[in-house]
Amino acid sequence: MSGTFVGMPAFPAAAREAVRDTTLRGNLRHATHTIRAKRARAVAELEDWERLRQAGMRIKDRTLRHLDRYLVQLEESVTAAGGTVHWATDADEANRIVTELVKATGESEVVKVKSMATQEIGLNEALEAEGIAAYETDLAELIVQLGKDRPSHILVPAIHRNRGEIREIFTREMGEWGRPAPEGLTDTPADLAEAARLHLREKFLRAKVGISGANFMVAETGTLVVVESEGNGRMCLTLPETLISVVGIEKTVPTWQDLEVFLQTLPRSSTAERMNPYTSMWTGTTDGDGPRAFHLVLLDNGRTDTLADEVGRQALRCIRCSACLNVCPVYERAGGHAYGSVYPGPIGAILSPQLRGIGSEIDASLPYASSLCGACYEVCPVAIDIPEVLVRLRERVVEGGEAVREGNKVLLRPAKGHAAERAAMRAARWALTRPGALRTGQRLASRTRRLHPRTLPGPGRAWSGTRDLPPVPAEPFRDWWQRTRGGKGDAS
Amino acid sequence: MNSRERILGRVRRALADVPPGEDAAVERDYLREHGERTVEETVDLLAENLADYRAVVHRTDAEELPYLIMRLLAQRGPRYVLVPPGLPPEWMSAADPTRVHDRAVSTPRELDEVESVVTGCAVAVAETGTLVLDGSPDQGRRRISLIPDHHICVVRVPDQVVASVPQALERLDPTRPLTWISGPSATSDIELDRVEGVHGPRTLEVVLVR
Ligand code: SF4
């Protein structure tokens, strides 16, 4: 599995590859436009949507502003209900804890329900290194895993694959991992789903250890919530003897009642349904129903550093609905892989650089992977002002400043690679405040247009690197206006 | 210092800007229920939303219930039907297939041999078309409504019906294992075409009994 993102090229380079891939772009456009339209209808059904959105924002803010208290309360509730709580400061520690827990059961395979937290820490690879096979059971994750691929969307991770490609992957790979794909498998979605059902059922029925994430954790009661559609979640959460859940500390909500807000806003924002087909809630262990042992691994891995930034902190409100991806013009063209992280799209552009810092080229480039159009803020069910955080992070990249890394205050220096960006900004300001120069430049561009390269040289490269330059018109608009309306109107 | 202390310490330092003792209550000015409906209309809405999510909805009364269950099972012809220990015996009094119980020693593989399951429910949510199971004796363990391919769920109307998600949560006990079911198992992972039944039951039949 090439699930790791280490060594990814920076966003502009990765996006340039992606926009040339017409299959990918076609699949993505179809997906994002379909979900976008459906979501708008589902949201319109609730006349108090805006109030629910505000309440969601306030509940999450309240949680984050008193996270220490709620985490301690959560730990107490889960423990009282028969669970065991572990704390992990980073990916390595979380992976170590989970590996040891699995080893203690004597098992060498686990079934997994889709979890972004475990993808973030590279758990599957860590388990594999210790001789433990981890099977992804969400249909899309299965496609990704069998295709030795990386997920490209929060909600529909295999959205970059069409049915023909999926059929090919199943036929080629299923036999390697367990039950092979049926003879003569067609590419109809129903047939492909049936092949997945048969392939995975074999694994569910014998699994002794399940691994999950969670959408919410209720501090007051110790209840964990997993929202899903296929039933693979229910399989992983109830059939095994041991359940291990790895959850980011920001997934906490204070009270049972708080769920009434998110269970209304999450499904409508994400799959555009009134309610997703299955939601499981469990509190510790229950005698005679489900796993006998339950372990909760609370994951920091950069979250407390994110919490330290008063503007950037709001990114931790995210409930991973993916609505912001589906409205983002940059995501639609570049695709999820270009973001070099398990968190793609607008939320990825603000979350990854905060969780991981802006030390690498990809992370420093992510705050620029946006046109700042604001559509992501409009749809976000917890009202995260993504453009505000993007601007904040750009400032950090360009100007440097204070930040917290692994709990320690650090002083960031301006990123070198972005000197060009600053130059580009200065150039734009210069041109825009001098109309004469702009006009001359445009005329010159028209006359020489056959000689133009597809990318801009010098400081402009960062901009044109993610876009194809529009062809320059044969005649600048101002000239055309002069010629056709010359003398009649004021067109200077 | 262990990781717990380290993380809590980082959280506290990160929140230095938050005034000590701050405790702003969350304002809940959203609705408890969407729209005005009579009890009848709420039940109708439940039926409509269940059907919209491709559950098959039937309506009957207590007297007819055993015959309806018998017919629904006969249509699929299973040899065995799984029933939770506390299912009212009269519900199954007319049914032909052999009843099997989910015992502690039954393995998931054994349950996989059974095609149909009949359960009650704890609460049904009209606005979303959702059934909630809480593991009470008439509903059984979570796995029994998951492994068989055909689930018949009986809802007592109007007692077990609420209008909205907030009202459902008020009625539920968080210490029980809860399963919220809205239509049969489904996926839209392949080019966003909806396909029913990946792992959970592919057919969900809901009986609204008065
Ligand atoms: S940032 Fe908002 S819109 Fe985007 S995934 Fe998170 S909650 Fe959803």
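Reading guide: rules and limits
Residues numbered from 1 in each chain as written. Chains lettered and ligands numbered in written order. Predicted model: local features only at pLDDT ≥ 70, side-chain atom pairs only at ≥ 80, totals over all residues. Heavy atoms only, no water. Helix = DSSP H or I, 4+ residues; strand = E, 2+ residues; numbered from the N terminus. Buried < 20%, exposed > 50% of the residue type's maximum accessible area, 1.4 Å probe, protein only. Contact = heavy atoms within 4.5 Å. Polar contact = N/O pair within 3.5 Å; in protein donor to acceptor, adjacent residues only side chain to side chain. Axes fitted to C-alpha atoms, helices over the stretch in contact; angles between N-to-C directions. Parallel < 35°, antiparallel > 145°, perpendicular 65-115°, else oblique. Left-handed = near helix turned anticlockwise from the far one by under 90°. Nonpolar A, V, L, I, M, F, W, Y, C, P; charged D, E, K, R; others polar. Expected span 1.5 Å × (residues − 1). Pairing = 2+ DSSP bridges. Near = heavy atom within 4 Å. Buried area = accessible area lost by both parts, 1.4 Å probe. Salt bridge = Lys/Arg side-chain N within 4 Å of Asp/Glu carboxyl O. Phe/Tyr/Trp six-rings, centres within 6.5 Å; stacked < 30°, edge-to-face > 60°. Core = buried A, V, L, I, M, F, W, Y, C linked by side-chain atoms within 4.5 Å. pLDDT = per-residue confidence, 0-100.

All names here are of chain A. Note that S269 resides in helix 12 (residues 259-270). Among the residues examined, S269 registers a relative accessible area of 1% and is labelled buried. Remark: the alpha-carbon pair of S269 and S352, spanning 83 residues in sequence, is separated by 22 Å. For S269, the residues in contact, after removing those within four places along its chain, are R39, W49, C321, A323 and P381. At 2.9 Å, the side chain of S269 and the backbone oxygen of T265 are in polar contact.

In this section: unusual backbone geometry. Leave glycine aside and you will find that most residues have negative phi; peptide bonds, for their part, are mostly trans. Cis geometry marks the peptide bond from V157 of chain B to P158 of chain B, where omega comes out at 0 degrees. Within the secondary structure, P158 of chain B is located in the loop between strand 7 (150-156) and strand 8 (161-162). In this model, K148 of chain A sits at a positive phi of 45 degrees, which is unusual for a non-glycine residue. Tracing the backbone through its elements, the reader meets K148 of chain A in the loop between helix 8 (139-146) and helix 9 (163-177). Using a relative accessible area of 44% as the deciding quantity, one classes K148 of chain A as partly exposed.

Right, let's talk about the packing of helix 3 (residues 49-65) of chain A against helix 12 of chain A for a bit. All names here are of chain A. Contact pair helix 3 / helix 12: the axes reach a minimum separation of 10 Å and the direction vectors enclose 115 degrees. Comparing their axes, helix 12 and helix 3 come out roughly perpendicular. As helix 3 packs across helix 12, the resulting crossing turns out to be left-handed. Across the interface between the two elements, W49, L52, A55, G56, I59 and K60 of helix 3 pack against V261, F262, Q264, T265, R268 and S269 of helix 12. In terms of residue class, the contact of helix 3 with helix 12 is made up of six nonpolar, four polar and two charged.

Quick look at helix 4 (residues 67-80) of chain A now. Residues and elements named next belong to chain A. Between the first and last C-alpha of helix 4 there are 20 Å, a value that for 14 residues agrees with the 20 Å anticipated at 1.5 Å per step. The complete set of buried residues in helix 4 reads L67, D68, Y70, L71, L74, E75, S77 and V78. Looking at the residues trailing helix 4, positive phi occurs at G82, about 105 degrees.

All right, on to the sheet that holds strand 6 (residues 130-133) of chain B then. Taken in spatial order, the eight strands line up as 8(A)-5(A)-6(A)-9(A)-9(B)-6(B)-5(B)-8(B) in an open sheet, and their pairing is mixed. Each having just a single partner strand, strand 8 (252-253) of chain A together with strand 8 of chain B make up the two edges of the open sheet. Relative to strand 8 of chain B, strand 5 (residues 123-125) of chain B runs parallel, the two sharing two bridges. Residue pairing across strands places V125 of chain B opposite V162 of chain B, the latter belonging to strand 8 of chain B. Sheet strands in contact with helix 12 of chain A are strand 5 (216-218), strand 6 (223-228), strand 8 and strand 9 (278-283) of chain A together with strand 9 (178-181) of chain B, and its direction is about 170 degrees off that of strand 5 of chain A.

Here we come to the site of the ligand. Around the ligand, the surrounding shell consists of C318, I319, R320, C321, S322, C324, I347, C380, P381, V382, I384 and I386 of chain A. Counted by class, the shell around the ligand contains ten nonpolar, one polar and one charged residues.

Okay, the interface of chain A and chain B next. Each side of the interface is counted separately: chain A has 96 residues, and chain B has 74 residues. Here chain A packs against chain B, burying approximately 7600 Å² in sum over the two surfaces, 55% of which is carbon and sulfur. Across the contact surface, chain A and chain B share 15 salt bridges. One salt bridge in this structure joins R274 of chain A and D52 of chain B, with 3.0 Å as the shortest N-O distance. Counting every contact that joins chain A to chain B gives 45 residue pairs in polar contact (both at pLDDT 80 or more). In terms of residue count, helix 10 (residues 189-206) of chain A provides more of the side of chain A that touches chain B than any other element does, 13 residues in total. A per-class count over the side of chain A that touches chain B returns 43 nonpolar, 24 polar and 29 charged. Here four bridges tie strand 9 of chain A to strand 9 of chain B, and the two strands are oriented antiparallel to one another. Each residue of the ladder has a partner; that of Y278 of chain A, found in strand 9 of chain B, is I181 of chain B.

Bringing the packing of aromatic side chains into the picture now. Residues and elements named next belong to chain A. In this structure the tally under the stated criterion is four aromatic pairs over all chains. Ring geometry for Y135 versus W177: centroids 6.2 Å apart, planes at 75 degrees, classification edge-to-face. In this pair, Y135 is assigned in strand 3 (residues 133-136) and W177 in helix 9, connecting sequence segments 42 residues apart. With a relative accessible area of 10%, Y135 lands in the buried category.

This paragraph deals with the sheet that holds strand 2 (residues 80-83) of chain B. Residue and element names in this part refer to chain B. Spatially, 1-12-7-4-2-3 is the arrangement adopted by the six strands of the open sheet, whose pairing is parallel. Only two strands of the sheet have a single neighbouring strand rather than two, namely strand 1 (56-60) and strand 3 (98-101). Strand-to-strand twist in this sheet, taken as the mean axis angle between neighbours without regard to direction, amounts to 25 degrees. In the packing of helix 2 (residues 39-52) onto the sheet, contacts are made with strand 1 and strand 12 (203-209), and the angle to strand 1 comes to roughly 150 degrees. Against the sheet, helix 3 (residues 65-76) touches strand 1, strand 2, strand 4 (116-119), strand 7 and strand 12, its axis set at about 165 degrees to strand 7.

With that settled, the discussion passes to the nonpolar core. The biggest cluster of nonpolar side chains holds 106 residues, and the ones touching the most others in it are F11, L259, M281, L296, L298 and I350 of chain A together with W180 of chain B. Setting aside chain neighbours within four positions, we find M281 of chain A in contact with T223, L224, V225, W256, L259 and L263 of chain A together with L169, R176, P177, L178 and W180 of chain B. Core analysis: the next-biggest nonpolar cluster, separate from the first, contains 35 residues, A140, L142 and L200 of chain A together with V114 of chain B among them.

A low pLDDT score tells you not to read the predicted coordinates there in detail. Summing up the model confidence of chain B, the mean pLDDT is 93 and the portion of residues at 70 or higher is 100%. For this predicted complex, the interface confidence reaches an ipTM of 0.96, while the overall pTM sits at 0.87.

Residues and elements named next belong to chain A. In a regular helix each residue adds 1.5 Å, so twelve residues correspond to 16 Å; helix 12 covers 16 Å between its end C-alpha atoms and thus fits that length. When you tally the buried positions in helix 12, you get twelve out of twelve residues, the bulk of the element. Every buried residue of helix 12 is listed here: L259, E260, V261, F262, L263, Q264, T265, L266, P267, R268, S269 and S270. Two residues or fewer past helix 12, A272 is found with a positive phi of approximately 65 degrees.

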